[in-house]
Amino acid sequence: MSRKLRRINQYRRKNKNLIAANKIKPQNWCISHTEAQAALNAQGYNVKQIKKIYCLKHQVCISFWDIKGNICSSFFSYRIFLRWQKEVESLISSCQIMKEWQRLNYLLKYEFVYYRYSQEMEEELQAALENRMKVLTTTAPQAV
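Residues numbered from 1 in each chain as written. Predicted model: local features only at pLDDT ≥ 70, side-chain atom pairs only at ≥ 80, totals over all residues. Heavy atoms only, no water.

1. Quick word on the packing of aromatic side chains
With the rule as written, the count across this model stands at seven aromatic pairs. Their ring planes at 70 degrees and their centres at 6.1 Å tell us that Y45 and F64 sit as a pair that is edge-to-face. On the criterion of sequence distance, the pair formed by Y45 in the loop between α1 (33-43) and β1 (47-55) and F64 in strand β2 (residues 59-66) is long-range, its members being 19 residues apart. Measuring from ring centre to ring centre gives 5.2 Å for F112 and Y117, while their planes differ by 80 degrees; the resulting arrangement is edge-to-face. Residues F112 and Y117 agree in their burial class; the two are buried. Clustering of aromatic rings is evident, with ring pairs tying together W29, Y78 and W84. We note R79 situated over the ring of Y115; from NZ or CZ to the ring centre the distance is 3.8 Å. (Phe/Tyr/Trp six-rings, centres within 6.5 Å; stacked < 30°, edge-to-face > 60°. Helix = DSSP H or I, 4+ residues; strand = E, 2+ residues; numbered from the N terminus. Buried < 20%, exposed > 50% of the residue type's maximum accessible area, 1.4 Å probe, protein only. Lys NZ or Arg CZ within 6 Å of the ring centre and 35° of its normal.)

2. Concerning the pattern of salt bridges
All told, the structure shown has two salt bridges when counted by the stated rule. In this structure, E35 engages R83 in a salt bridge whose closest nitrogen and oxygen atoms are separated by 2.7 Å. Linking E35 in helix α1 with R83 in helix α2 (residues 82-93), this pair joins segments that are 48 residues apart in sequence. Exposure remark for R83: the relative accessible area of 24% places this residue in the partly exposed category. (Salt bridge = Lys/Arg side-chain N within 4 Å of Asp/Glu carboxyl O.)

3. Digging into helix α3 (residues 98-114)
Over its 17 residues, α3 runs 24 Å from end to end, which matches the ideal 24 Å to within 8%, given 1.5 Å per residue. Among the residues of α3, those classed as buried are W101, L104, N105, L107, L108, E111 and F112. Summarising the contacts, the buried residues of α3 are in contact with α2 and α4 (119-139). (Expected span 1.5 Å × (residues − 1). Contact = heavy atoms within 4.5 Å.)

4. Focus on the environment of Y45
When its relative accessible area of 36% is taken as the criterion, Y45 is described as partly exposed. Between the C-alpha atom of Y45 and that of D66, which follows or precedes it by 21 residues, the distance is 7.8 Å.

5. Quick word on unusual backbone geometry
Excluding glycine, residues mostly have negative phi values, and the peptide bonds linking residues are mostly trans. If you check the backbone angles, N22 has positive phi at about 60 degrees while not being a glycine. Along the chain, the position of N22 falls in the segment before α1.

Below, the structure written as structure tokens:
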């Protein structure tokens, strides 16, 4: 009697975000205490001092002291850091053909829907995408 194996990942979407698609590898970043403190303060946390930073694959764990002297620890997305924006902008500017741009645009649309970005960061990244598309369409060879 043979057993039929289930297909678990049949309908699972793969490589939909920038980390899973190996476009950005933030777990290799060396995030400084001042960079983490600036990112947390921009998110609305009252950070007095950063205690420890643990870089994981999809998120970062930051332990810190708040203004009241309490020790707080939480997981944060890498998307709160300005370095994330710079990495995405460099990805956009490195697109040489329209097909690469289309793949990146598809990934970023998914990112904007499923992950929290600041409004200004999202607008700047969308503007960079549009500008790159204009550059690629004007420099593309015209079919005669």
